[in-house]
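Chain by chain, the residues run as shown.
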Protein chains: 2
Amino acid sequence: MSKVKSVLNPSRGELLDLLEEGLITRSLIVIFARCKVHYDGRAKSELGSGDRVVMVKPDGTFLVHQKEKREPVNWQPPGSFISFHVEDDSVVIRSLRKKPREILEVELEDVYMAAIFRAEDYEALALTGSEAEMLEMLFNNPELIEPGFRALAKEKDIGRGIVDLLGRDSGGNLVVVELKRRKADLHAVSQLKRYVEALRKENENVRGILVAPSITEGAKKLLEKEGLEFRAIKPPKREKRGWGRQTTLF
Amino acid sequence: MSKVKSVLNPSRGELLDLLEEGLITRSLIVIFARCKVHYDGRAKSELGSGDRVVMVKPDGTFLVHQKEKREPVNWQPPGSFISFHVEDDSVVIRSLRKKPREILEVELEDVYMAAIFRAEDYEALALTGSEAEMLEMLFNNPELIEPGFRALAKEKDIGRGIVDLLGRDSGGNLVVVELKRRKADLHAVSQLKRYVEALRKENENVRGILVAPSITEGAKKLLEKEGLEFRAIKPPKREKRGWGRQTTLF
DNA sequence: TTGTACATCTCGGGT
DNA sequence: ACCCGAGGTGTACAA
């Protein structure tokens, strides 16, 4: 059995057969078609007739892409249930999600191409430069925050949220560190402030430090007004070594 | 010229020809292939060999989808520049974004299908149930917040951010309203608190009201502790009437 | 360009 | 199931 089957300008019968085979074999399905799209769930939307790419993944993911933008114009997340039927002379693909209840319907008016793909993939993305790696770096090298800084805990749940990094400075003050892998904004300052204020209820001399590669003007002003601090640090990028399934060295 | 061209198991020459035609005619390109993916930019990633769907849109958007999840495993946003070349016996598609500088390379090891699609689409999504519509509703019907409430401004930029809705209550107090179209969380409370504190520097008796369909436990506790208020209101869903290009009535 | 906040955010991790 | 926060977030909008 081949990995891919495709039909150009399929008849209704060919289309239905291919869709059925795609679903049964848990293939990934791609359709080029003129269609309308109806969605109702957390919000509600209508999309008039036009040419789009429809993709259905074997995990239930449903995507409708227009010819522009990174984001699908309509979609359904993994775990949704797909079905199709004929209605008023056109094939309709329906995706149902329960909880929250959401329904997505694509009304295929003219199908230019339909294809199914039995994709085999056992690899996962190995990414570096994340906030998690930034945290690991600072936890292992606390002096990067400032001389004399000692790390106490990471990802610590205080009642008012989860603090990235908790430590003490050379003067014995409690220090809350909030990390951002990109330019810090007002949101980041509010977050740090929330943690600092929560800890100040039970501790004296609590400092708050926002660590990010840079900070917006507005955020900087708010930060200073609140007596909080900023340290410019960029997220580290690991080298290729040590990626993926790490082979034990002996 | 037809809307779609596709080739199954293309030879290198067929693939290169189709890619070139796709780029020149500003078509949307979809490829089913076993490939590796390399990314470097804001972060850095590697993805080992596996079967994926590659999509290139005429606006420069680049997507690599695995067989699961809603999100592409790698991508490049609109405005990126695409090119391709042959390297070590395989075809490589490269997408370059300047600012921030980011490069994405897909190394095609085995192409099962390639297709190009001259999509025509003049329709835009009409969506209802957004926060913007919630705001409009409350601005026009301020009594929904509470009896005697009068709206003063919406989307108002105070120094510390942009307030959703500003008004006065029956007692003449300034009221800041923060809207959320879904369950409000700690972030929402922090946001509201930031606005309230900024306004309290120049006004007395400032109230803060969080308006959302519901609220998380943690957020509720913080809200009450801070003397802020909550009103349960759901975002409205418009009916079909009045969607899309609204024709002037005379 | 920068700043700010929404999103049918999605996704993962924790409890 | 809920809660919480990151994300190469993307996207729109305003200054």
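Attention in this report is confined to the structure presented alongside it.

## Considerations on the overall build of chain A
Part 1 of the argument: Scanning chain A for helices and strands turns up 4 helices and 14 strands.
Part 2 of the argument: Its C-alpha radius of gyration of 26 Å places chain A more than 25% over the 18 Å reference for a compact globule of 250 residues.
Part 3 of the argument: Looking at chain A residue by residue over its 250 residues, the buried ones come to 50%.
Part 4 of the argument: Here the analysis covers contacts within chain A between residues at least 6 apart in sequence; of these, 53% occur between residues at least 24 apart.
Part 5 of the argument: On chain A, roughly 12,400 Å² of surface is accessible, and the fraction owed to carbon and sulfur atoms is 49%.
Part 6 of the argument: In chain A, the 43 positive side-chain charges and the 40 negative ones have mean positions that sit 4 Å from each other.

## What about the protein's contact with DNA strand D?
Part 1 of the argument: Surveying the vicinity of DNA strand D reveals 30 residues, the closest of which are A:R181, A:R182, A:Y195, B:W75 and B:Q76.
Part 2 of the argument: For DNA strand D, the fraction of atoms within 4 Å of the protein that belong to sugar or phosphate moieties is 78%.
Part 3 of the argument: Separating a phosphate oxygen of DNA strand D from a side-chain N or O atom of B:T216 is a distance of 2.9 Å.
Part 4 of the argument: Separating a phosphate oxygen of DNA strand D from a backbone N or O atom of B:E217 is a distance of 3.1 Å.

## Quick look at the sheet that holds strand β11 (residues 161-168) of chain B
Residue and element names in this part refer to chain B.
Part 1 of the argument: Read across the sheet, 5 strands follow the order β10-β11-β12-β13-β14 without closing on themselves; strand pairing throughout is mixed. Only two strands of the sheet have a single partner each, and these edge strands are β10 (150-158) and β14 (229-232). Sheet twist, expressed as the mean angle between neighbouring strand axes with direction ignored, is 30°.
Part 2 of the argument: As paired strands, β10 and β11 are joined by 7 bridges and run antiparallel to one another. Looking at the pairing, A153 lines up with L166 of β11.

## So, the relation of the copies chain B and chain A
Part 1 of the argument: With an RMSD of 0.1 Å, the operation that places chain B on chain A is a rotation of 180° combined with a shift of 0.0 Å along the axis. Taken together, the rotation angle and the small translation identify this as a two-fold axis. Among all residues of chain B, the minimum C-alpha distance to the rotation axis is found for B:S190, at 3.0 Å.
Part 2 of the argument: Mapped onto chain A, 99% of the interface residues of chain B again fall at the interface, so both copies present the same surface.

## Concerning the interface of chain B and chain A
Part 1 of the argument: Taken together, the contact pairs 75 residues of chain B with 75 residues of chain A.
Part 2 of the argument: Each partner contributes to the roughly 6,500 Å² buried at the junction of chain B and chain A, and carbon and sulfur atoms together form 58% of this total.
Part 3 of the argument: On the chain B side of the contact with chain A, B:K44, B:K67 and B:R70 bury the most area, a combined 12% of that side's loss.
Part 4 of the argument: As a salt-bridge pair, B:D51 and A:K3 come within 2.3 Å of each other at their nearest N and O atoms.
Part 5 of the argument: On the surface where chain B and chain A come into contact, there are 40 residue pairs in polar contact (both at pLDDT 80 or more).
Part 6 of the argument: Top element by residues in the side of chain B that touches chain A is strand β3 (residues 44-56) of chain B. It accounts for 11 residues.
Part 7 of the argument: In terms of residue class, the side of chain B that touches chain A is built from 29 nonpolar, 15 polar and 31 charged.
Part 8 of the argument: In this structure, strand β9 (residues 126-128) of chain A lies alongside β3(B), joined through 3 bridges in antiparallel fashion. The partner of A:T128 across the bridge, within β3(B), is B:K44.

## Concerning the pairing of strand β11 (residues 161-168) of chain A
Residues and elements named next belong to chain A.
Part 1 of the argument: Most of β11 is tucked away: 6 of the 8 residues are buried.
Part 2 of the argument: Where strand β10 (residues 150-158) hands over to β11, the hairpin turn is made up of 2 residues, counted between the paired strands.
Part 3 of the argument: Sheet topology places β11 next to strand β12 (residues 174-179); 4 bridges connect them, and they run antiparallel. Note that in β12 the partner of G167 across the bridge is V175.
Part 4 of the argument: Linkage of β11 to β12, two consecutive antiparallel strands, is achieved through a turn of 5 residues, within which G172 is found at a positive phi near 85°.

Rules used in this analysis
In this numbering scheme, every chain counts its residues from 1 along its sequence in written order. Labels are handed out in written order, letters beginning with A for the chains and numbers beginning with 1 for the ligands. pLDDT decides what is reported in this predicted model: residues at 70 or higher carry local features, side-chain atom pairs at 80 or more are listed and counted, and totals for whole chains, interfaces and linings draw on all residues regardless. For the side-chain quantities, the full set of heavy atoms in the structure was used; hydrogens and water were omitted. Secondary structure elements are taken from DSSP: a helix is a run of H or I of four residues or more, a strand is a run of E of two residues or more, and numbering for both begins at the N terminus. Each radius of gyration is computed over the set of C-alpha atoms, and the globule rule expresses the reference value as 2.2 Å times the number of residues to the power 0.38. In this scheme, a residue with accessible area under 20% of its type's maximum is buried, one over 50% is exposed, and one in between is partly exposed, where area comes from a 1.4 Å probe on protein chains only. Any two residues having at least one pair of non-hydrogen atoms within 4.5 Å are treated as being in contact. To measure how exposed things are, a 1.4 Å probe is used in the Shrake-Rupley method; for residues, cover is taken only from the protein chains shown. In this tally, Lys and Arg are treated as positive and Asp and Glu as negative; His is ignored, and so are the chain termini. To locate a charge, take atom NZ for lysine, CZ for arginine, CG for aspartate or CD for glutamate. Nearness here has a simple test: a residue counts as near a molecule or strand if at least one of its heavy atoms is within 4 Å of that partner. Any pair of N or O atoms that falls within 3.5 Å is considered a polar contact. Within protein, one atom must be able to donate a hydrogen and the other to accept it, and sequence-neighbouring residues count only if both atoms are side-chain atoms. At least two DSSP bridges between two strands are needed for those strands to be called paired. Axis geometry follows a simple rule: fit a line to the C-alpha atoms, using only the stretch in contact for helices, then measure angles between N-to-C directions, giving values from 0 to 180 degrees. When the copies are overlaid, the least-squares fit takes in C-alpha atoms only where the residue has pLDDT of at least 70 in both copies. Two parts lose some accessible area (1.4 Å probe) when they are put together, and adding that loss for both gives the buried area. In the sections that follow, a salt bridge refers to a side-chain nitrogen of Lys or Arg positioned within 4 Å of a carboxyl oxygen of Asp or Glu. Amino acid classes used here: Ala, Val, Leu, Ile, Met, Phe, Trp, Tyr, Cys and Pro are nonpolar; Asp, Glu, Lys and Arg are charged; the rest, including Gly, are polar.

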